[in-house]
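What follows is each chain in one-letter form.
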Amino acid sequence: MKQAKLGSFFGGGASKKPTPSKPATTEKNEETPASSQDTIMKEEEQSQNTPMVEAETTLFKRAMESDSDEEDKIVAPKSKKRSRIILDDDTDDEEEPVAAPVDDEEEPATAPVDDDKEYEEAEQEEKEEQQENALEKESVKALTQMSINYQTESMGSTWKKGDPVPYAVLCRTFEKCEATTKRLEITESLVTLFIQVIRLSPDSLLEILYMCISKVCPDYEGLELGIGESLLMKAIAKSTGRAMKALKDDYVTIGDLGTVARNSKGSQRTLFKPKPLTTSHVFKTLKDIAKLSGQSSQNKKVDKIQGLLVACQENEAKYIIRQLEGKLRIGLAEQTVLSALAQASVMYKPGFEKKSQQKKESELSTATDILKSVHNQLPNYDMIVPALLTYPIEDLLSKCSMRPGIPLKPMLAHPTKSLPEILDRFQDQKFTCEYKYDGERAQIHRTEDGKISIYSRNSEDMSVRYPDVMETITKWIKPTTQSFILDCEAVAWDIEKSCILPFQILSTRKRKDVREEEITVRVAIYGFDCLYLNGQSLLQESFEKRRQLLHDSFIETKNQFYFAEHMDSNDIADIQTFLDVSIQNNCEGLMVKSYDGEHATYEPSRRSRNWLKVKKDYLNGLGDSMDLVVMGAYYGRGKRTSVYGGFLLGCYDPDTEEFQTICKIGTGFSETMLQTLYDRLKDLVIPKPKPFYAIGDGAPAPDVWLEPQVLFEVKCADLSISPIYMAGVGQVNDAKGISLRFPRFIRLRDDKDPEQATASGQ
Ligand SMILES: Nc1ncnc2c1ncn2[C@@H]1O[C@H](COP(=O)(O)OP(=O)(O)OP(=O)(O)O)[C@@H](O)[C@H]1O
Ligand SMILES: [Mg+2]
Ligand SMILES: [Mg+2]
């Protein structure tokens, strides 16, 4: 990570944090002038560039208060990497704000503005991809040396060919993965497991794979675990006979509910040894639990969980609980699991060991490449795994090709800092510019038998969210067009004026239970790519050809469907003009895409340099936004006491699987947005911070802690080193993290998962 630059786009003097005007006081219950109660909420009235002094000091006061000695404190879980968190349950909202010393920000230096965060982010991603490839090579080498157990009895248990797989076998593998941070060792454990499963009980391979990646079905089917803590504790209490209070205390000291469950089981005496759990039974039950919804579902869930826990032996309870939480937190990335599966599918054949080193290496890397590419096109293990077990790996691409009805991960773009950079990048290649529409990505599918669906960037089914769009789609399809997959952007639309509305308007559209007659925000679709048409994949075609087919197969329809505006000149003045016009039309900037030849194919799930994005903000030197997880919230004051007025945000560290605090935010929210946020967030309140929240000592404890589910897109002036925020801790300084200066809310990011938040390394 590059050393954070200190400085601000506000420029010299103005960027200095003004000294709070009120003298510091620690007295409580003093009459608070209405005006100051109100200040935290008045951001809109302030100019965007004015630092939120009073708001910040108010929040800081809470931080200070929570350090004071009061009753009713919950001390959050301790763990090796995590700092202690003191949470004061009893914060009185109406106390006099104290002008606490503001020490989380360094004096701004006059260094240039950091205007290229997103750019660095993308470069970082690229570096990681390269490292990933290197690791992959290394593990292929190591695997060729591995000795494989080709016996029919396996892994220290009574599991024999044809038997259901004991859940204990899976847990032992999890245990091994958890005990190391070395990729190589993790891969070896997984490969060993997969080989045995393929050899002894291939029917269980699918469920075991799902359990390794903490899923129960493909993303677009929308079933998820992620059971709340209180429900899990209830089930643990019921199955072990321990009191809730004791469990809570344990949780506070141990910091992991899984371990609490295992320990609770351990201290329990049972007369009969329960029948061992099998992976099939556990997986089926997990899936059933994920399916339960509605009124009495909570009790049914507790019953089912209890049923599993009662049958647990050794450390099984630990992983059952973590699976129910929706995350194993043992360092199993989906890509690692996928590679291990590919490798096992080659290595399980007894002849493999006798092959030459070179042959082994090439077979392993080919298998990995094929499986990854298959998964990019058809992210559905229900189809991939049976095919993998039936056909030779070389045939997999033809057996598992993309098809409408199964969303693929969209291609992403690389950011650019300047227009000349575009010319440098493409040199003598042909490229084309398009408006970059500011809405939500939408992948529209029609299957061979006419079923239409819309999917989000994250492969969620959005069809029910857009009943209005669903209804009109057939009007803009040419009669000769049968099946297809379109890549589009859905934007908020002004029907009267037939023009695009800003993203902020789109974000006020209801997301759930959308009924047509209630829709207030209309949307229009801008189609920019066609990935599949009439039974044929177009991924390998050039963009020139794909765009041609797009234009030939659909009809622009007023207020409903348009083709993305484009311009094919490579003259920099023309591009500048096109960019300016795009902005005037409520777009975000331009997308510049490689147009013909081998570089112009569609690369699912890749952030490619064949697509460049140019946003007006990076040209302005404003820097790009970050997507941050809401970890906690502060109640509003004055007229906003009924909603949250400020939020504690964090980024994600994929290495430690932690969310790290980065800043608090109170600027950029409209009244309606605050209400919307309150309605969304109030159900996510948890009694104390998650064990995987990294919170600095003396960090401002929020009034409520929240499940890590909602993402904000945030812009800030620049970064500063901070002793109380934990983002990227250890990377710049051992004890200090990075914080954002003057963060401002841009929008909700409903289309990203918490783990897709900006990574702390960036
Ligand atoms: N003509 C277009 N071609 C491709 N994408 C477009 C186009 N117009 C708008 N987009 C949108 O721009 C997005 C890419 O840029 P953006 O910076 O908004 O990415 P993002 O959603 O913030 O994700 P990330 O920050 O992870 O890259 C695409 O995912 C798509 O939704
Ligand atoms: Mg966007
Ligand atoms: Mg972005």
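Residues numbered from 1 in each chain as written. Chains lettered and ligands numbered in written order. Predicted model: local features only at pLDDT ≥ 70, side-chain atom pairs only at ≥ 80, totals over all residues. Heavy atoms only, no water.

- By the naming in an unreviewed UniProt entry, the protein goes by DNA ligase and is assigned to Absidia glauca.
- Turning to the protein, the UniProt record has this under Sequence similarities (unreviewed entry): "Belongs to the ATP-dependent DNA ligase family."
- We quote the UniProt Catalytic activity (unreviewed entry) comment for the protein here in full: "ATP + (deoxyribonucleotide)n-3'-hydroxyl + 5'-phospho-(deoxyribonucleotide)m = (deoxyribonucleotide)n+m + AMP + diphosphate." (UniProt positions renumbered as here; feature names shortened; annotations may be inferred.)

**Digging into the overall build of the protein**
At step 1: Helix and strand counts for the protein come out as 23 helices and 24 strands.
At step 2: Taken across its 762 residues, the protein has 56% of its residues classed as buried.
At step 3: At a minimum sequence separation of 6, the contacts of the protein that also span at least 24 residues come to 75%.
At step 4: Per element, the accessible surface of the protein, about 32,500 Å² overall, is 49% carbon and sulfur. (Helix = DSSP H or I, 4+ residues; strand = E, 2+ residues; numbered from the N terminus. Buried < 20%, exposed > 50% of the residue type's maximum accessible area, 1.4 Å probe, protein only. Contact = heavy atoms within 4.5 Å. Areas by Shrake-Rupley, 256 points an atom, 1.4 Å probe, with all protein chains shown as cover.)

**Focus: the site of ligand 1**
At step 1: In the vicinity of ligand 1, 18 residues are found, and the nearest of them are Glu434, Arg457, Glu489, Lys613 and Lys615.
At step 2: In the model, a nitrogen atom of ligand 1 is placed 2.8 Å from a nitrogen or oxygen of the Lys593 side chain.
At step 3: With the chains in place, 93% of the 620 Å² that ligand 1 exposes on its own is no longer accessible.
At step 4: Only β4 (431-436), β13 (589-594) and β14 (607-615) provide two or more residues apiece to the shell around ligand 1.
At step 5: Of all the elements, β14 adds the most residues to the shell around ligand 1, at four residues. (Near = heavy atom within 4 Å. Polar contact = N/O pair within 3.5 Å; in protein donor to acceptor, adjacent residues only side chain to side chain.)

**Remarks on the environment of Leu408**
At step 1: Of note, Leu408 is situated in the loop between α16 (396-399) and β3 (412-415).
At step 2: Exposure remark for Leu408: the relative accessible area of 1% places this residue in the buried category.
At step 3: Expressed as a C-alpha distance, the spacing of Leu408 and Thr520, which sit 112 residues apart in the sequence, is 30 Å.
At step 4: Other than its neighbours up to four places away in sequence, Leu408 contacts Asn376, Gln377, Pro379, Met402, Gln443, Ile485, Leu531, Leu539 and Pro604.

**Observations regarding the sheet that holds β14**
At step 1: The five strands are arranged β3-β14-β13-β4-β12 in an open sheet whose pairing can be described as mixed. Each end of this open sheet is capped by a strand with a single partner; those strands are β3 and β12 (566-567).
At step 2: As paired strands, β4 and β13 are joined by six bridges and run antiparallel to one another. Bridge pairing in β13 places Tyr435 opposite Leu590.
At step 3: Relative to the sheet, helix α20 (residues 543-553) contacts β4, β12 and β13, its axis offset from that of β4 by approximately 50°. (Pairing = 2+ DSSP bridges. Axes fitted to C-alpha atoms, helices over the stretch in contact; angles between N-to-C directions.)

**What to know about unusual backbone geometry**
Where the residue is not glycine, phi is negative for most of them; where a peptide bond is considered, it is trans in most cases.
At step 1: Phi is positive for Asn586, close to 65°, though the residue is something other than glycine.
At step 2: With respect to the secondary-structure elements, Asn586 resides in the loop between α21 (572-584) and β13.
At step 3: According to the relative accessible area criterion, Asn586 is partly exposed, its value standing at 33%.
At step 4: Backbone geometry places Ser605, a non-glycine residue, at a positive phi of 65°.
At step 5: With respect to the helices and strands, the residue Ser605 is situated in the loop between β13 and β14.
At step 6: With a relative accessible area of 31%, Ser605 lands in the partly exposed category.

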